[in-house]
Amino acid sequence: MLRVGIDVGGTFTDLFAWDARADGSARVRTAKVLTTPADPAIGVMNALSAAGIAPAEIGTIIHGTTIGTNALIERKYPEPVMVTTAGFRDTLEIGRQRRRHLYDPYQVKSRPLISRRNRLTVSEKLGSDGTTVKPLDRDEARRVAEHIASLGTKNVAIAFINSYVDGRHEREMREIVLEAIPDARIALSSETRPKIRELGRFVTTAIRAALFPVVGDYLTRLEGLLAAAGSNAPLFIVKSNGGMMRSATAKERPEELIESGPAGGVAAGSFLSNLLDTKSMIITDVGGTSFEACLMENGRGLVIDEYELEWEMPLITPMLDIRSIGAGGGSIAWIDQGGSLRVGPQSAGADPGPACYGRGGTRPTVTDANLVLGRLNTTLSGKFQLDYEAAAAAIRTIAEPLGLSILDCAEGIIEIVCENMAGAIRMVSTDRGRDPRDQTLVAFGGAGGLHAYTVARAAGINRILIPPFAGVACAFGATTMEVRHDLEATLYAPVENLDPNALTHSFTKLEQECCHLLEKDGITPEQITLERSALMRYIGQSYEVATPVPGGNLDTAAVAEIAAAFHREHKREYGVSSESFPVAFVTLRVTGYGQITKPEAGDLAAALGQGDRNETPSVKERRRVYFSGQKYEVDVHDAARLNTGQRIHGPAIIEQPDSEVVLPPDAFAQIDQYGNIIITGEEGVR
Amino acid sequence: MTQRQRQIDPITFEVLRRSFEYTCERMSLVLQKASFSPIIYDMVDYSNAIFDPNVDLIGQTANCPVHIAAMHFSAHASIERFPIEELGPDDVIILNDPYNGGTHTPDVTMTMPIFYDGTLLGFAVSRAHWTDVGSGFDTHIAGEGLRLPPMMLYKEGKTNTDLINIIKNSSRTPQYVEGDIQAQLGALRAARDEFTRLADKYGADIVRQGMREVLDYTQQMTKEAISRIPDGVYEASDYVDSDGFTDDPVRLHVKLTVAGDRIGVDFTGSDPVAIGPINSPYANTASAAYYSLKFFLNPDAPPNAGMYRQVDLTIPENTWLNPRWPAPTLGCTTAASSKITAAIWMALSQAIPDRIVAPTCAECNWFVASSTDPATGELHVFTDLPAGGWGGTPTHDGMHVTMDPLGNCQNLPAEIAELLFPVRYNSYEMRTDSAGAGRYRGGAGVRLEVEFLGRGEIIWMECSRTREGSPGVNGGLHSARQRQLRKTRDGLLESIGGLADDGTWRPQMLGGIHFQPGESFVFESTGGGGWGDPLTRDPQLVAQDVRDDIVSKEQAYLLYGVVLTADLAVDQLATRARRAKARNES
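Residues take numbers from 1 onward in each chain, read along the sequence in its written order. Chain A is the first chain written and ligand 1 is the first ligand written, with later ones labelled in order. Totals for whole chains, interfaces and linings use all residues, but because this is a predicted model, local features are given only for residues with pLDDT of at least 70 and pairs of side-chain atoms are given and counted only at 80 or more.

Undergrad: Honestly, the overall build of chain A in this entry has me stumped. Any pointers?
TA: When helices and strands are counted, chain A shows 17 helices and 35 strands. The atom set for the radius of gyration is the C-alpha atoms, and the globule formula is 2.2 Å times the number of residues raised to the power 0.38. At 26 Å, chain A has a C-alpha radius of gyration in line with the 26 Å of a compact globule built from 686 residues. Dimensions along the principal axes, computed over C-alpha positions, put chain A at roughly 80 × 60 × 60 Å. As a rule, residues whose C-beta atom has 12 or fewer other C-beta atoms within 10 Å are exposed, those with 20 or more are buried, and those in between are partly exposed; C-beta atoms are placed from the backbone. Each of the 686 residues in chain A was classed as buried or not, and the buried ones make up 56%. Numbering goes from the N terminus for both helices and strands, where a helix is a DSSP run of H or I of at least four residues and a strand is a run of E of at least two.

Following this line, the structure appears as structure tokens:
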């Protein structure tokens, strides 16, 4: 049976499927079809047909989708109603009262997720210790519920102050709303993410309520199409935390899908990390408009506790720390008011696209620079003929004022965009206390291999890995995923007067909830792995650092160990620590993993691995390419004809099905047994 | 297009430009995440900057524009006291003295030289607002807490423990002191790491040259922007409601002289030194002038000394904008700076009426309060700064509840406040009818309500705009008055500062206002001023504002001339009639 990964991106829907037990060429199937924005489920079905997959062959489908993310960004969802504690109607809109641009007098803030007229309040209040300060005013609550009913809204977010301690008032409000609207879909902040700091909890709850209909309708439709086609294979959805969940669970927790797209690529990185026993990696993905980076440690992507969906809209579910900047093939090069050469974040997009696409674009882009330098195949991997003259003319418009030749200017564009990408790498590494020089850079995406070497050099990275599936990495990664849930609870307690039994009890309770959730997703108890961590801080601080916590019963010695681990983690993340400062627990987290049909790394590797030795030489042609202002006649290799152990010295180009790998003069590449291209600075380095 | 003198190629320049920017960002990240004062970690009241070997500002993040030039004076004061020949790579100088490199006592600045291969590469400077340095509400600077002249905090990496003990002894919150020092130190070290990385890559000379060119780059952008403003003389005034000890407004006057690519900013005609703590040392007044102009000159340029070269400042001595010891200065960064901005923008509205935006709330309403834990008797000090709205713009409405241009601080989240301090935050919600009406209205202000569980005190609050709100431009109207109130246990509201509804006046700079357990401090901030005649506002936008309770139905009628039906739709005919009548009346 096939394990099928499908990633729906902005332009393409990618499919990667494999079956370790099938023979030869049947073991791996891939497809790339156009995304169908009106209903992405159609694109998913098209990808299955394009790959020649019969519904009956499907064992499991794992699906990455940005449908929720897009709906949020475009505000295309039936607007929910939010009910909050009196006095806090505007938390969602005020945010933390900061502005995005320090000196822009004309700036506007993002439209709130729910408009003011749909934000209602009731009188109630719990204290921060969970005591009742003011009981819920049930008469007022009923009036609010009647008003919601009169609006015809079915989706409701209920978010009260201090409900991270106890959700009883929120639950009481839910009952009252349900009396008025029996079929309402209600998100409670105390159930969505019971964590302190109202803004994050309110935003996350609003997102859940907004996405209930969007994600729910989409998945129901997709399930219907699959069933109608004759497949009853379980459908899993890629989560922001790098794991997956059943589609039924995804409908309940749609706020966990925000990084559902890029998380697949990180999973592909995890697979490579385990396969090659490479502990520290930075996974990057470069497409037309954006560059994404995520740091991987011991086979797992680093996680953040708070993600800024937009300015002052923190989503507080644990998510992979994937940083995205506007840098890609379509990024536009321009001269700013002070006369400096800038690249991006604006992109020419797909329409008109780079000047060399000949669709009316006149502004120079990164793709134009690559073409002029000879680094890009003039037929865009056989898709269509690129216009060299148009690219050169576009670059001339900025080269002349800068007093540069077209070639120097083109190289400058590449260098600057790669520096920008290296900046994103610093955000996930240096800014989190990790040295980029210890990492291997893994390059995915259509423009990944073109820039990987220059990006790595700018970031101080010595080793690059480009896998054979780089063009469909997210779909590939999806097929290697485990089910994963992160559950959290707030337990604010200074370490010194903490009762270890209370800590154990809170963790045990979270573990039970986590197991329950995993079992709902079809995981049996013996397939479950649980990990504990605590978000801790120095008393007085308001930023927490995730600290590992051992399993089992915790005693005083274990708590002291946890505190010691916190000092180490703090030192690593922020460069300072002080054992004399008192420490407190803030949030407890349990991460549960479960694997249904565990894909054997070896099986998949065998499926990917090189088949028979290619007798045909890998060089398919020679091309003129510029590096550091010099012209070189370089070999262009066909990736499909590379052999294990083959070494290639730069300057050279390796063409993959949907992308190219550029090896500058000082680069050296070697092909490993799985077809990965491993690039180092010079022969002999690692 | 620029004619910047270039010695390094444009690609290297761009990489260095971006790297300087990143260095400051990284300093701020380290400081914020590792600091211990709630005002730093939760409110983001700090700035970090890098300087070249000549102690010229190269770049700064930039959470507090009001620190923009002030840090320049701090770095210079530090180097004057400890000449560079005497400094080593692990030395750090600390200061906060308003009359020796500082502005107001809570802003504590640390300066570290950065060397590479034995040569000076530049300086890293970190400034943060500490929760407490013993400040009080006084008519003498000595009453505003500990005043540190430039002193060695670390010499060759060794901590000056005596100094730290003095600082702790002088603070109401000694528990934060060491953590904050450590965080600022972390920020300085981050800058050193980044400078070293750049020098490793390009060589120290290229890095130094890059610094010179980044100054030219900002200067060039500034020149071009000034050239786009019509030559002329433009004047405006604003005022602080009172200095807190007398009942009279304290006025400032500004005269902008635009000539070619230079702009003169002259504060002649401003009031003498004030008795209360709103006086603004030269460094603070200069900062306020620079950042206020930056919004309309070069919002995207690196904030650096290149801008100073095109601006000619005249700040007469012995005015409240350039006071001498012992004038108190605690409210300078807030009360003074925000009025300087409002006045400069009002003056600019005559020069570039189609590009100007109306003044913001022009206050940050910063207060320091205490509450006693009713169970333990322990005294807790906390601080917050409820923002107001921004002014209307030529194309859209101003932002609701957003920190004033002078800073970019966060408010205190209710749940954090209630967890850490014996208080209840009962409201932080937008205030209906607080924004200035206009074709494009200002953003709304906010209503804050803090209940004290034990005995409470407003130790200090700086405030203004309690007399008449913020002005509009191009026919836009004033915003509402700010209000400072006590809510008794019976729920009654009484005015504690500013102009009360009954016309009585109390100074709006508060100090030593006590509250009984169960009483609340209520503060209502104002919105931004309006842009353009409100009678020309699209009636549909007015109706939306009424549906969102930003504007009341009454104000829609009175100020906007918009008549709404019972279900809040626009009554077109009645609106036309009402507007025609209102035009005739005015």
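Undergrad: Teacher, can you tell me more about the pairing of strand S16 (residues 456-461) of chain B here?
TA: Residue and element names in this part refer to chain B. Counting buried residues in S16 gives 6 out of 6 residues, a clear majority hidden from the surface. Where strand S12 (residues 367-372) and S16 come together, 5 bridges link them in antiparallel fashion. Bridge assignment links serine 371 to a residue of S16, and that residue is glycine 456. Strands qualify as paired when DSSP identifies two bridges or more between them. In this sheet, strand S20 (residues 510-515) lies alongside S16 in antiparallel orientation, the contact comprising 5 bridges. Note on S20: the bridge partner recorded for glutamate 457 is histidine 514.

Undergrad: How should I be thinking about unusual backbone geometry in this particular structure?
TA: Note: most residues except glycine have negative phi, and most peptide bonds are trans. Note the cis peptide between A:Gly344 and A:Pro345, where omega equals 0°. Assignment of secondary structure puts A:Pro345 in strand S22 (residues 341-347). A cis amide bond links A:Gly650 with the next residue in sequence, A:Pro651, at an omega value of 0°. Located in the positive-phi region is A:Asn162, a residue other than glycine, with phi close to 65°. Residue placement: A:Asn162 occurs in the loop between strand S9 (155-159) and helix H5 (168-180). Positive phi, normally seen in glycine, also occurs at B:Leu568, with a value near 65°. With respect to the helices, strands and loops of the structure, B:Leu568 is situated in the loop between helix H12 (553-558) and helix H13 (572-585). Of the residues examined, B:Leu568 has 13 C-beta atoms within 10 Å and is grouped as partly exposed.

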